[in-house]
Structures are given as C-alpha cells and as structure tokens.
Amino acid sequence: MPVRTYEVRTFGCQMNVHDSERLSGLLEDAGYVRADEAGAAEPDVVVFNTCAVRENADNKLYGNLGHLAPVKARRPGMQIAVGGCLAQKDRGEIVRRAPWVDVVFGTHNVGSLPALLERARHNAEAQVEILESLEVFPSTLPTRRDSPYAAWVSISVGCNNTCTFCIVPSLRGTEKDRRPGDVLAEVGALVSEGVLEVTLLGQNVNTYGVEFGDRLAFGKLLRACGGVEGLERVRFTSPHPSSFTEDVVDAMAETPNVMPSLHMPLQSGSDRVLRAMRRSYRSERFLGIIDRVRASIPDAAITTDVIVGFPGETEEDFQATLDVVAASRFSGAFTFQYSPRPGTPAATMDQQVPKAVVQERYERLVALQEEISWSENRAQVGRTLDVLVAEGEGRKDSATRRLSGRAPDNRLVHFAVPAGAAVPRPGDVATVTVTRGAPHHLEADDTTAFAVRRTRAGDVWQACQERPAEPAAAGPRPVSLGLPGLRR
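All figures in this text were calculated on a predicted structure; none of them were measured in a lab.

(A) Representation of the overall build of the chain in the model. Scanning the chain from terminus to terminus reveals 16 helices and 23 strands. The globule rule puts the C-alpha radius of gyration for 488 residues at 23 Å, and the 23 Å found for the chain is close to it. Based on the C-alpha atoms only, the size of the chain along its principal axes is roughly 65 × 60 × 45 Å. Across the 488 residues in the chain, those meeting the buried criterion constitute 54%. In the chain, 75% of the contacts between residues at least 6 apart in sequence involve partners at least 24 apart. Looking at charge distribution, the chain has the averaged site of its 56 positive side-chain charges lying 2 Å from that of its 62 negative ones.

Below you can see the structure in the form of structure tokens.
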C-alpha cells in the first residue's frame, strides 16, 4: 500500500505553530510522510491550522480551500482537514461553505485528527468534531520538530481574561496549567536530544499557576529551568502586564539562562482605551514594568503589540499611545490596525474609527517605531555577542555570504565568517562583533573576534543532514520529542 503524504499549513500565533508540530507528529505516528520529503508534488492530506484573530482570517481560509477544490476533484482519495481557532468558531459552517472538506476539528481535540481522517475515508462523508473543553493536554502528543536546537514548550493553554477585542478565550477556553514537574520533564527530554533553547508558551504565560493556586509559580518555573543542565537559553511569550510581578523580573535577572528579552503587549497607551479594551492595567503601570526590567536587566530588548484605531479612539488617545511608545524605547513592535472580530464586544461598539483615519495613525506609529528600532540597533554597534546560529533566518545570506542567528536578546544578527575559519552549523554558537545596526536586524562583518563553539545541537543538525534517506522520504529527517512512552 503506498505511503500517504501530508502538508500542514499554519496561520497565526506561536501557539498555532506549536500545535502544528503536534499535528505533524500525530500524522507521522499514524504512518504519513511529509509531502516535500517524499518528493510528492501534491499531498494526499492537507491540514489547515487556522487563526480567528487576524484580519480576513476566514477570507484567507476559504480562498485557500477554493484553490484546492479542483485539485481534489481530479485526485480521488485526497483529503482536506481544517482545525484551529477558526474551526472552533465556525464549526459546521466550514463544510457548508466548502463541502469538499473532509474533517473539521477544534482547538480542544487536536489529537483526534488521524482518527477523524480515517473515519471520513471509511464513511465517505465529512467528520466535524468540536469539543467544548480540552480533551488531552497537547504536550502529551507526539511531535515533529524541524529544529534540533530550539523548541516550544506549552506550560498552559486558554485564557481567563475578557479583552473586548479578543476572541481567543471563547475558542481556547479557560486557562489550564501543566504541573511544573511535567513541564520540566519535557524540557529535560528536549535538552537530552540536543536542544539549547526553549520558549515557554501560554496565552498569558505569567498567570501560570492560577489553576493550582500558586501566584508565584511562573517565577519559580523560570528559576527551575535555570537548573536544567545543558539548557542555555530560556524565553517565554506572552505575558500580561497586569499579572507581571517583581518576582518574575528578579527570576529573569538572577537566572543566567533566562534571556534578556521580553515581549510585553501594550495594545494602547491611552488609559481610556485600555478601560474600553478591558485591559486591567494603565499606562503608568506599564511604564513602571519597563523601568523595573531595565533597572534589573540593562541589556534587555523589549518588544510589544499595539492596536491602532480601537473603537472610540480619539487623536488624543492615539497621541497617548505614541507617548508611551516613545518612552518605552521598544526594540521592535507588532503593530495592527483594529478590525472587528465577530463575537467580540468591541465589534458592536459605537464610534468605529474610519479606515482612512486608522491608516494615517498606523503609518505615524510605524514611522516612530522604525526610528526607535533603528536608533536602538545602532547603539549595539561595537558589542560582541554570542549568536545561536539559525537555519532559514537570513533570506539574503547566500547573496551576502553571511550566516544568521539570534543574539541573547533575540535580535536577528547577520554575520560574516572569516576566510578559512570553521563554518558554524545551525545550533552552534558564533561570537561576533556588531558593525551596523539596521531597523530590523544587526550586521557583524568585523571578524577580528570571531569564534565558533560547536554544540551538541549542531551535531544533531549535521547528523540529520548526513543520515541516508529512507525509501519513502528523502531529505533531512525531523527531530522527534523523545518523551518515553508517548509514541505508540
């Protein structure tokens, strides 16, 4: 029987990226092979892991499904599955609008995908299964990771906040926390496979512990990660300003492998808009957190999220946002133009801001942040940094003859390798000196202090390249999670 191939297409946040690793692991556990590794021009199964937060998310999905309809019509046996937040929201509407879809599954039953595909094939009809609460914590599922040196680790799923612009709580459910021992066991297993860097994930990562009654649990978890031998870098995303406590700042400052980088979502600098958003902090509190982090971790790079044009936002409100952005000196910002999300309170609020006004404000915000980012990056010139070499981060590396990777503060660095020097592998650590700061990256062409530390992660990456191809799958092999007893 020929091997069936698959492709997972991911939209949205880091949680979705991590869920897609689980979906890939589940499919490979069930005998599927990734289409590009099998040399297949078209996969037998296409899985969409969707997002309901981004603007035009449903248009993007149904546009993609429309493109696949004629492909499926000429390929008997091909299957299409839709999961993620948009599937949780739209449910049977997806099959009604795109009757060629075979499987619809939600955010709470990711592990059901292989069984649903088999059931749809056997019954010759679409299978729609949406659960209202978490079936099994995703981290107990098989995983297919492509990176040997960096990994996501979920510590919680769901959210207990009620931000008026956000639909995530109704789609991901209330917060569910993993026990610290389970998180650390996964981290330890990842490190044993060569991983140097983990990113702890949660919808509100710093409310971790609310389910088992320990409000200091997140800081304790960061410190515990500091005791994992071989773990060199710990990151986390995303915290909520209202729950960001001093013990977390202390844990960041005092735990050597917790990196000096922080993503702290602002959303708006106007207290009036923050109240309308139901964000339970104000600009003074936010700026206090920034000051506290900078006092304890002077080299920290802080990034943020900002929404422009929330209903009722006045020019005075927007100016307050510009003021907070200017005072915060973010190294980078993810900026969004507000657009109504059906099912959220903000979608039905009065005083929706005209598109032209939103666009003009958005351009002013982007221009300000570009200026700040560029200034902050120019201030890095002359610094010597240890860069974790990455794969696929530098799209122009072949033309510029540079390699790329991430500094401890998570800035992207493109660096030159001196003639005759050992070329670092993805997962190795290169010591470089910054020669130029651009708005969105650093360049390091001074090779005077260049050095390379070969790592176990680099060894794993090299082994993946050199491993002979299996009959059904050419190309580099994936890295599995390796937790004992989880794979059938």
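Now that the structure has been shown, the text picks up again.
(B) Structural context of helix α12 (residues 283-296). Counted at 1.5 Å a residue, the expected span for α12 with its 14 residues is 20 Å, and the 20 Å between its end C-alpha atoms agrees. Every buried residue of α12 is listed here: Ser283, Phe286, Ile289, Ile290 and Val293. Looking down the long axis of α12, one finds its buried residues gathered within 125° of arc, a one-sided arrangement. With respect to the buried face of α12, the exposed residues turned more than 90 degrees away are Glu284, Asp291 and Ala295. Structurally, α12 contributes buried residues whose contacts are with α10 (246-254), β13 (261-263), α11 (271-277), β14 (301-308) and α13 (315-328).

(C) Looking closely at the pairing of strand β3 (residues 45-50). Burial within β3 is extensive, with six of its six residues counted as buried. Two elements, β3 and strand β4 (residues 79-84), share six bridges in a ladder whose sense is parallel. Within β4, the residue paired with Phe48 across the bridge is Val82.

(D) Main features of the sheet that holds β4. One open sheet holds the six strands; their spatial order is β2-β1-β3-β4-β5-β6, and the pairing between them is parallel. Sheet topology places β2 (33-34) and β6 (127-129) at the edges, where each strand pairs with a single neighbour. Relative to β3, strand β1 (residues 5-10) runs parallel, the two being bridged by five bridges. Paired with Val8 across the two strands is Val47, which belongs to β3. Sheet strands touched by helix α3 (residues 57-73): β1, β3 and β4. Its angle to β3, the strand with the most contacts, is close to 175°.

(E) Region of interest: the side chain of Asp428. Looking at the secondary structure, you find Asp428 in the loop between β18 (412-416) and β19 (429-433). The exposure class assigned to Asp428 is buried, which follows from its relative accessible area of 0%. Sequence-distant contacts of Asp428, defined by excluding residues within four places in its chain, comprise Val387, Leu388, Val389, Val452, Arg453, Arg454, Thr455 and Gly458.

(F) The packing of α12 against α13, seen in detail. Where α12 meets α13, the axes come as close as 10 Å, and the angle between the chain directions of the two elements is 10°. By the angle between their directions, the pair α12 and α13 is classed as roughly parallel. Along its contact with α12, which presents Ser283, Phe286, Leu287, Ile290 and Arg294, the element α13 presents Val324, Ala327 and Ser328. A breakdown of the residues in the contact of α12 with α13 according to their chemical character gives five nonpolar, two polar and one charged.

(G) Fine view of the confidence of the model for the chain. Of all residues in the chain, 94% have pLDDT values of 70 or greater, and the mean over the chain is 90. Counting contacts from residues 471-488, a segment whose pLDDT is below 50, to residues more than four positions away or on other chains yields 52 contacts.

(H) How the structure looks around unusual backbone geometry. With an omega dihedral of -10°, the bond running from Thr237 to Ser238 counts as a cis peptide bond. Turning to its location among the elements, Ser238 is positioned in the loop between β12 (233-237) and α10. In the Ramachandran plot, Arg91 falls in the positive-phi region, its phi being about 50° despite a non-glycine side chain. With respect to the helices and strands, Arg91 occurs in the loop between α4 (85-90) and α5 (93-97).

(I) Local environment of the nonpolar core. Within the largest apolar cluster, 59 residues are counted, with the highest numbers of intra-cluster contacts made by Leu200, Phe218, Leu222, Phe236, Phe244, Met252 and Val293. Broken down by element, the residue count for this core peaks at five residues, all from helix α9 (residues 217-225). Not counting residues up to four positions away in its chain, the partners in contact with Phe244 are Asn206, Phe236, Pro239, Val249, Met252, Leu262, Met264, Arg285, Ile289 and Val293.

(J) Representation of the sheet that holds β18 in the model. Sheet architecture is open: seven strands sit in the order β20-β21-β18-β17-β16-β19-β22, paired in mixed fashion. Both edges of this open sheet fall to β20 (436-437) and β22 (446-453), since each of them pairs with a single strand only. Relative to strand β21 (residues 442-444), β20 is paired through two bridges, and the arrangement is antiparallel. Bridged to Arg436 within β21 is Glu443.

(K) The state of the cysteines, seen in detail. Taken as a whole, this structure holds zero disulfides when the rule is applied. The cysteine Cys13 is free of any disulfide, with Cys51 supplying the nearest cysteine sulfur at 6.3 Å. Cysteine Cys166 is unpaired, with the sulfur of Cys163 as its nearest cysteine sulfur at 6.1 Å. Residue classification places Cys166 among the partly exposed positions, given a relative accessible area of 26%.

(L) A look at helix α6 (residues 113-123). Of the residues making up α6, those classed as buried are Leu113, Pro114, Leu116, Leu117 and Ala120. In a view along the axis of α6, the buried residues occupy a sector of 165°, so they form one face of it. Each element contacted by the buried residues of α6 is listed here: α1 (14-29), β3, β4, β5 (103-105) and β6. Trailing α6 by a residue or two, Ala124 shows a phi angle of about 55°, which is positive.

Conventions adopted
Residues numbered from 1 in each chain as written. Predicted model: local features only at pLDDT ≥ 70, side-chain atom pairs only at ≥ 80, totals over all residues. Heavy atoms only, no water. Helix = DSSP H or I, 4+ residues; strand = E, 2+ residues; numbered from the N terminus. Rg over C-alpha atoms; globule rule 2.2 N^0.38 Å. Buried < 20%, exposed > 50% of the residue type's maximum accessible area, 1.4 Å probe, protein only. Contact = heavy atoms within 4.5 Å. Lys, Arg positive; Asp, Glu negative; His and termini not counted. Charge placed at Lys NZ, Arg CZ, Asp CG, Glu CD. Expected span 1.5 Å × (residues − 1). Arc of directions from axis to C-beta. Pairing = 2+ DSSP bridges. Axes fitted to C-alpha atoms, helices over the stretch in contact; angles between N-to-C directions. Parallel < 35°, antiparallel > 145°, perpendicular 65-115°, else oblique. Nonpolar A, V, L, I, M, F, W, Y, C, P; charged D, E, K, R; others polar. pLDDT = per-residue confidence, 0-100. Core = buried A, V, L, I, M, F, W, Y, C linked by side-chain atoms within 4.5 Å. Disulfide = S-S within 2.5 Å.

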